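One-letter residues, chain by chain:
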Amino acid sequence: MKFNKIAILLLSADLLTTTSCDFMDCDESDNYTLQEIQGSYNRVKQFVTSIYGYLPSDFCNTHGAMLDATTDDAIHVYESSAIQRIVNGTWSANYTVDDKFEYYYNAIHDANYYLTTLSGLTFDTWENGDDYQDWMQNYDNYQYQVRFLRAYFYFELVRRYQNVPLITKPLSQTEANQIEPSSAQEVLKFIINECTEIAPKLPIKSTSIAQAENGRATRAMAMALKLRAALYAASPLYSTNGDNAKWTEAAKASHDIIASAGELGLGLDTYANLFKSKNYNSKEVILCRPTGTSKTFEQANYPMGVTGGNTTTCPTENLASAFEMKDGRAFDWNDPTMKANQYKDRDPRFYLTIVHNGMLWPAKKAVDISEGGANGLPLTNATTTGYYLRKYVDNSISFEAGSTTAATHHNWILFRYAEVLLNYAEAMIHVNGNCDYKDATYTMSAREALNAVRKRAGIPEVAACSQDEFLMRVKHERRVEMAFEGQRFWDLRRWKNLDETKNIYAVRITHHDGVLSYEKTLLSERSVSNKLYFYPIANVELFKNKKLVQNSGWDK
């Protein structure tokens, strides 16, 4: 049997995540027999590395847009993008969006293939080599790395498609096309069990294994994936009977990470450090996906009117209004003082997430997003919301003629410690109902976890409040803390809160006798229905496997 891998993704000493992140394309075609791969440690290593290449990012990777542009946090300015199908109601099993069904099953196939045919090897030919012992230490850990990756790919599938086939060994095409789907709860339980088993076998730091590259799977990554799977399993979309035991499992999974944060090397970092080119060095980042060195994200999100700027993702007034004042008060358009100085003294995360009118961006020139301004309407493809994207955008990049600015690294965060704290706060308030409850098992209260994130942001702590009010505060904090990190799209679904995304607001900025005027306006009304809680399974997949079941609402 010949095994062909085209342009296998190799990882240098700068592999993937916590200490350095940079994939390299080896840009070659390798055509080896299975026996040739089994006889070579380096070829086996390349195979494992190629499986890491399936990890996702969203630097405008969803049909040229960010997935957040389908939420109430943002819009995508180009109507030609397939992302618009989600917001205008033309999404269907024939016209899919972000369809990753085949993609992740290819990844799972590679993982299963490795675990079946490339584990248990000894590389006897090389046993007298100087590096043999180091090789074998790395190789012995690869099986746990691959199981982590397989579990992650199943998580991506289950949150998109709900009930999916659970496959743990290579199948023939005939077998694959006859397998029945497992329930979402079964798949989530598989992920939780896998992570529970492999976490103790993974290193605390990937570099603790001799010759290991930075960024391969660690104990914290497996624990974070277990936590997220447990949180989803407990959430209303997946747990229709409100099983409190599932929230308890999520709380326990959170606390396991929090209690061992020191040992795992985790903690909160300065917020501004999290979205720069070297965010892989942050103690807060658990897993990030490198996408290489480029300027394309900056080009896609610099304001229109700025040299090289094309604009794609524009934050909404919905999101802008969600950021509190620095003193902890909610922003209120009906407060004349706030309205007159709406960009003054806001939550510091506001300025690291959103580009507002008058902000010095991307260099030292203030953007003018007012109507007729250098960066505003009616300029073609200018923002229609009154805002541009700041988060993850590196303003050291210049497209001016003669500029020698180099491209920059971009590393998409998949897990970070602040999410762990917010997950814990959400789970604990469901478990006990008292935001200040803690005991010998749960040594941190839900309110302490939430306030740790707020304290790092530099805004006042949340006072004790009722269960319902506290849950609202947690949801609010997740929104502003993790905007444009791919979280809100899924949070709104697992909470069954999609109705919140119907009305999209903008700020209209006009000049009147030299004085700027700001007005909140309704930009659009989106089509929202219950079928949007899960993706449609593409008709081509239903044709191949007659045992797949289309998600509710998509079979018409």
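Analysis parameters
Residues numbered from 1 in each chain as written. Predicted model: local features only at pLDDT ≥ 70, side-chain atom pairs only at ≥ 80, totals over all residues. Heavy atoms only, no water. Helix = DSSP H or I, 4+ residues; strand = E, 2+ residues; numbered from the N terminus. Rg over C-alpha atoms; globule rule 2.2 N^0.38 Å. Buried < 20%, exposed > 50% of the residue type's maximum accessible area, 1.4 Å probe, protein only. Contact = heavy atoms within 4.5 Å. Lys, Arg positive; Asp, Glu negative; His and termini not counted. Charge placed at Lys NZ, Arg CZ, Asp CG, Glu CD. Expected span 1.5 Å × (residues − 1). 1 Å grid on protein atoms, 1.4 Å probe; cavity = no way out; pocket = protein on both sides within 12 Å on 5 of 7 lines; lining within 4 Å. Points joined across faces, edges and corners; volume = space filled by probe spheres on them. Axes fitted to C-alpha atoms, helices over the stretch in contact; angles between N-to-C directions. Parallel < 35°, antiparallel > 145°, perpendicular 65-115°, else oblique. Left-handed = near helix turned anticlockwise from the far one by under 90°. Nonpolar A, V, L, I, M, F, W, Y, C, P; charged D, E, K, R; others polar.

A. Local environment of the overall build of the chain. Per the secondary structure count, the chain includes 19 helices and 12 strands. Here the C-alpha atoms of the chain give a radius of gyration of 24 Å, agreeing with the 24 Å that 2.2 N^0.38 yields for 556 residues. Referenced to the eigenvectors of the C-alpha coordinate spread, the extents of the chain come out at roughly 85 × 60 × 50 Å. By residue count, 56% of the 556 residues in the chain fall in the buried class. Excluding contacts between residues fewer than 6 apart, the proportion of contacts in the chain whose partners are at least 24 apart in sequence is 69%. Computing the positive centroid from 58 side-chain charges and the negative centroid from 66, the chain places the two 2 Å apart.

B. Structural detail: helix α7 (residues 184-198). Under the 1.5 Å per step criterion, the end-to-end length of α7 is 21 Å for 15 residues, consistent within 8% with the ideal 21 Å. Those residues of α7 not exposed but buried are A184, V187, L188, F190, I191, I192, E194, C195 and I198.

C. Layout of empty space enclosed by the protein. A full pass over the atoms with the stated rule returns 4 cavities of 30 Å³ or more. Estimated volume of the largest cavity: approximately 90 Å³. Lining the largest cavity we find 13 residues, and of these T70, I86, L498, T501 and L532 sit closest to its centre. Counting only elements with at least two residues in the lining of the largest cavity, the list comes to α3 (84-88) and α18 (488-494).

D. Inspection of the packing of helix α15 (residues 417-432) against helix α16 (residues 446-457) at higher detail. Viewed as axis vectors pointing N to C, α15 and α16 meet at an angle of 150 degrees, and their least axial separation amounts to 7 Å. Looking at the two axes, α15 sits roughly antiparallel to α16. In this structure, α15 meets α16 at a crossing whose hand is left-handed. Here A418, L421, L422, Y424, A425, M428 and I429 of α15 lie close against α16, whose contacting residues are A446, A449, L450, A452, V453 and R456. Looking at side-chain class alone, the contact of α15 with α16 contains 12 nonpolar, no polar and 1 charged residues.

E. Structural view of the packing of α7 against helix α8 (residues 219-234). Relative orientation of the contacting elements α7 and α8 amounts to 155 degrees, with a least axis distance of 9 Å. When the interaxial angle is binned, α7 and α8 end up roughly antiparallel. Regarding α7 and α8, the two cross each other, and that crossing is left-handed. Between α7 and α8, the contacting residues are Q185, L188, I191, I192, C195, T196 and I198 on the first element and A222, L225, K226, A229, A230, Y232 and A233 on the second. Partitioning the contact of α7 with α8 into residue classes produces 11 nonpolar, 2 polar and 1 charged.

Everything listed here is a matter of geometry and, on its own, says nothing about what the molecule does.
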